[in-house]
Amino acid sequence: MASCRVPLVLLACGSFNPITNQHMRLFELARDHMQSTGQYKVVGGIVSPVSDGYGKQGLVPAKHRIAMARLALQSSNWVTVDEWESQQPDWTETVVTMRYHYGRILKEYEQNRGMHSDSSRNFAPPSSPSPQLKLLCGADFLSTFKIPGLWLEDHVEELVKRFGLVCVSRGSLLPERAVHESDTLFRHRENIFLVREWVRNETSATEVRRALRRGLSVKYLIPDSVLEYIHQHNLYTEDSERRNEGTALRPLIKQAHQPIKSLDD
């Protein structure tokens, strides 16, 4: 019965530099897939832009990325933008962001169970299953687990065991291979949901920024409201692309002192 379905919130972390139509499509594809399993009812989605401390070249200030994401999602009645991660003074590990949001979701769930009334995320008290939070990502995300120094092994273990992934295929990438080649991912494969995107969409924020720098049109790749914001604030110029140039990504610096092995060693 639908009432026995597990309430599920999808969380997408990333630069969103800028947010594109493809970013938003991931949520729709993931919701369709997860609800088609008969196990879940997707009750919310969260876009969580990374902090300025991430150090990625060309990353515009978080205030702009948050504003653009909010403009893009004005038409969504279930996906919201959360600025907690973006406001942290340093880059925050993905699993730490997951813990934060899951804590909020559980608190809201318990409060609404006590009140015997529906919450803003439509958790159904008092007898419904406890809600879950899963990380929404593209297929290219799984390959980052193999980059030495980028992930702590216990973080990957917690991410896929405690929370789980909803991974949407992108282009010619094969997420099944990434799961097969990693013992950690393979061990928790039942908590990794692979979603096939049959309508190909190769839009990337990198290509959007490149086109904008060159004065080319990006109409229909990003929402008109986002494009207007970019022009108003003169974002994604040759100067902005040099921001953080030559700077190592914060994860590699922050975790350099940790003994890390590739997950398929």
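**Looking at the overall build of the protein chain**
Scanning the protein chain for helices and strands turns up 11 helices and six strands. Residues counted as buried form 49% of the 265 residues belonging to the protein chain. By sequence separation, contacts in the protein chain at least 24 residues apart represent 77% of the contacts at least 6 residues apart.

**As for helix α3 (residues 94-115)**
In a regular helix each residue adds 1.5 Å, so 22 residues correspond to 32 Å; α3 covers 32 Å between its end C-alpha atoms and thus fits that length. The complete set of buried residues in α3 reads T94, V95, T97, M98, H101, Y102, I105, E108, Y109 and N112. One side of α3 holds all its buried residues, which, seen down the axis, span an arc of 145°. Among the exposed residues of α3, those oriented more than 90 degrees off its buried face are K107 and G114. On the buried face of α3, the contacting elements are β1 (6-14), β2 (40-49), β4 (132-138) and α5 (153-163).

**Some words on the pattern of salt bridges**
Under the definition given, this model contains 15 salt bridges. A salt bridge links D82 to R104, with the nearest nitrogen and oxygen atoms 2.7 Å apart. Placement of the pair is D82 in the loop between β3 (79-81) and α3 and R104 in helix α3, with a sequence separation of 22 residues. Judged by its relative accessible area of 13%, D82 is buried.

**Concerning the confidence of the model for the protein chain**
Confidence in the prediction of the protein chain, expressed as mean pLDDT, is 89, and 90% of residues score 70 or more. Within the model, the stretch residues 259-265 combines pLDDT values under 50 with 15 contacts to residues more than four positions away or in other chains.

**Comments concerning the sheet that holds β3**
The strand order across the open sheet formed by six strands is β3-β2-β1-β4-β5-β6, and the pairing between neighbours is parallel. The sheet terminates laterally at β3 and β6 (192-195), the two strands that pair on one side only. In this sheet, adjacent strand axes meet at a mean angle of 25° when their direction is disregarded. In this structure, β1 lies alongside β4, joined through four bridges in parallel fashion. In the strand pairing of β4, V9 is matched with L133. Across the sheet, helix α1 (residues 21-36) is in contact with β1, β2, β3, β4, β5 (165-168) and β6; its angle to β2 comes to roughly 155°.

Thresholds applied
Residues numbered from 1 in each chain as written. Predicted model: local features only at pLDDT ≥ 70, side-chain atom pairs only at ≥ 80, totals over all residues. Heavy atoms only, no water. Helix = DSSP H or I, 4+ residues; strand = E, 2+ residues; numbered from the N terminus. Buried < 20%, exposed > 50% of the residue type's maximum accessible area, 1.4 Å probe, protein only. Contact = heavy atoms within 4.5 Å. Expected span 1.5 Å × (residues − 1). Arc of directions from axis to C-beta. Salt bridge = Lys/Arg side-chain N within 4 Å of Asp/Glu carboxyl O. pLDDT = per-residue confidence, 0-100. Pairing = 2+ DSSP bridges. Axes fitted to C-alpha atoms, helices over the stretch in contact; angles between N-to-C directions.

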